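# Summary of the model geometry
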Amino acid sequence: MRESSPNLTGLRPTRAIVDLDAIAGNVQALRAMLPKSTELMAVVKADAYGHGAPWIARVALEAGAKVLAVATVSEGQELRFQGIAAPIVLLGSIEPDEVVAACRASLEITVADEVLLEAVQLAARSETLSSRVAVHLKIDTGLRRNGALPELATSLAARIAVDPELRFAGIFTHFASADEPGDSFTADQLQRFAQAIDDIRDAGVACPPTHAANSAAIITGQGTHFELVRAGIALYGVPPSADVPLPEGMTPALRIESHITRIFRIEPGDTVGYNRTYRAERSTRGALIPIGYADGYRRSLSGRAWVGINGHRAPVLGRVSMDQIVVEVPPGAQADIGDAVAILDGNAAQCAPGITELAELMGTNGYEVLTGIRRRIPRVYIKDGEIFGVRPARGGQT
Ligand SMILES: *Cc1c(COP(=O)(O)O)cnc(C)c1O
């Protein structure tokens, strides 16, 4: 799937490099943690956590994922538009007036109340569709977000199961604290989920495949015995939290690099950037790098983050601007215009922050760092160690 020729000439120097081999390796590593009968759902919502959903979806399927998951109808439509035929589950709750579009794109719809179920039933009857509409029932076992409470779940399950226009494709729940392995709440949720499933069976409803585990639960081995698990963050080689490290051999797939566009002297007393928050005490060199908060390199990194230049840490001087930053070329470091700059890199030798470090500096988690990387940063895909394709920047767009 080449969206343009894999030629980097003319590409913006600030770019995200996505290693598809790392994604494939992570899928295999996750599958190796599961019982043989448990299948992997690859969660590619939010543009595959910023990696580029169609690219990641294809590689994850090739590496053995059986199902894809997205949050919104348009995310599902994008995958269909790219020719992906695998099952796609809409994890998020959608509006009744989005149901027809979801059905036409053959997306599997998550239902948690009667209003949405009735909209799905109506669409299934009135639309001419090539197959029955697949429905997943979401049960709230404690997250208190979307989901039917267990007492309502049995009647919803019965209504889905008897409708000849629908295919009952799954029952699931979602954990609140699986990334805090010391918290017994996950076990409580699992117990409530098991009870809800028993109640549905006792009511004479044939149970479809069930799923509960996210990345953290897969790694800690909770709820992996159901027919499916839903892996997001771990697929990308990023730990769900500091308390749930990834097993050996799983690697981050994305790094961000740029280059030096200008080098200049900074003399004692000079100030750098908006509002003059950095004042030089000694003579040094500044390097201009074309990345800023409009790329997702947040302003909260001002004066706090660093980048890697030729094996040295180069601190950000003063404020992060919308489109650029200034870093100090460390004394003794070699640096020229055009030299590569590591902005975000899991390889310690590059001397740049990894995702977890950058997230800490931004006061957030790895999920938000990844999903905050804007579309004006082009993605360069690597497969079998070579450039496989490029997704160009989308000007001015998120
Ligand atoms: C996003 C999401 C996931 C994936 O979570 P990770 O922690 O990224 O593995 C799983 N299930 C649901 C319902 C989600 O919304």
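Everything numeric in this text was worked out from a predicted model, so none of it was measured.

Calculation rules
- What you see as residue numbers is a count from 1 along each chain, following the sequence as written.
- Given that this is a predicted model, residues contribute local features only at a pLDDT of at least 70 and side-chain atom pairs are listed and counted only at 80 or more, while totals for whole chains, interfaces and linings are drawn from all residues.
- Neither water nor hydrogens contribute to the side-chain values; these are computed over all heavy atoms in the structure.
- For this purpose, a residue is taken to be near a molecule or strand whenever a single non-hydrogen atom of the residue falls within 4 Å of it.
- Side-chain atoms alone can form a polar contact between residues adjacent in sequence; in general such a contact is a pair of N or O atoms within 3.5 Å, and within protein one must be able to donate a hydrogen while the other accepts it.
- Here, Shrake-Rupley sampling with a 1.4 Å probe gives the accessible areas, and only protein chains in the shown set may cover a residue.
- Segments assigned H or I by DSSP are reported as helices when at least four residues long, segments assigned E as strands when at least two residues long, and all are numbered from the N terminus.
- Residue classes follow a fixed rule: Ala, Val, Leu, Ile, Met, Phe, Trp, Tyr, Cys and Pro count as nonpolar, while Asp, Glu, Lys and Arg count as charged, and any other residue, Gly among them, counts as polar.
- Strand pairing is defined by DSSP finding a minimum of two bridges between the two strands.
- Axes here mean lines fitted to C-alpha atoms, for a helix over just the part in contact, with angles spanning 0 to 180 degrees between N-to-C directions.
- Start and end points for every domain follow an automatic or database-based domain assignment.
- A contact between two residues is defined here by any heavy atoms of the two lying within 4.5 Å.
- When two components associate, each loses some accessible surface as probed by a 1.4 Å sphere; the sum of these losses over both components is called the buried area.
- Between Lys or Arg on one side and Asp or Glu on the other, a salt bridge is scored when a side-chain nitrogen of the former is within 4 Å of a carboxyl oxygen of the latter.

### What about the site of the ligand?
Neighbouring the ligand are the residues V43, K45, Y49, L91, H174, N214, S215, R230, A231, G232, I233 and Y367. A distance of 2.5 Å separates an oxygen atom of the ligand from a polar atom in the side chain of S215. One of the side-chain nitrogen or oxygen atoms of R230 is found 2.7 Å away from a nitrogen atom of the ligand. Here the ligand, which alone exposes 390 Å², has 92% of that area covered by the protein. When residues of the shell around the ligand are traced back to their parent elements, those giving at least two are α2 (45–49) and β9 (228–231). Taken together, the residues that form the shell around the ligand break down as 6 nonpolar, 4 polar and 2 charged.

### Quick notes on the sheet that holds strand β14 (residues 284–289)
One open sheet accounts for 3 strands, arranged β11-β14-β17; its pairing is antiparallel. On the outer flanks of this sheet lie β11 (262–266) and β17 (325–329), each paired with one strand and no other. Sheet twist, expressed as the average angle between the axes of neighbouring strands with direction ignored, equals 35°. In this sheet, β14 lies alongside β11 in antiparallel orientation, the contact comprising 5 bridges. Among the inter-strand pairings, R265 is bridged to a residue of β14, identified as R285.

### Some words on the domain arrangement of the protein
When the domains of the protein are assigned, the result is domain 1 (33–235) and domain 2 (254–391). Taking the mean C-alpha position of each, domain 1 and domain 2 sit 38 Å from one another. At the junction of the two partners, domain 1 supplies 9 residues and domain 2 supplies 13 residues. Where domain 1 abuts domain 2, roughly 1,000 Å² becomes buried across the two surfaces, and 63% of that area is made up of carbon and sulfur atoms. Interface area lost by domain 1 to domain 2 is led by H51, W55 and I233, which between them contribute 52%. Counting the contacts that link domain 1 with domain 2 gives 2 salt bridges. Remark: the boundary between domain 1 and domain 2 carries 4 residue pairs in polar contact (both at pLDDT 80 or more). Contributing elements (two or more residues each) for the side of domain 1 that touches domain 2: α2 and α3 (53–62). Among the elements that take part in the side of domain 1 that touches domain 2, α2 stands out by supplying 3 residues, more than any other. Tallied by class, the residues present in the side of domain 1 that touches domain 2 amount to 4 nonpolar, 3 polar and 2 charged.

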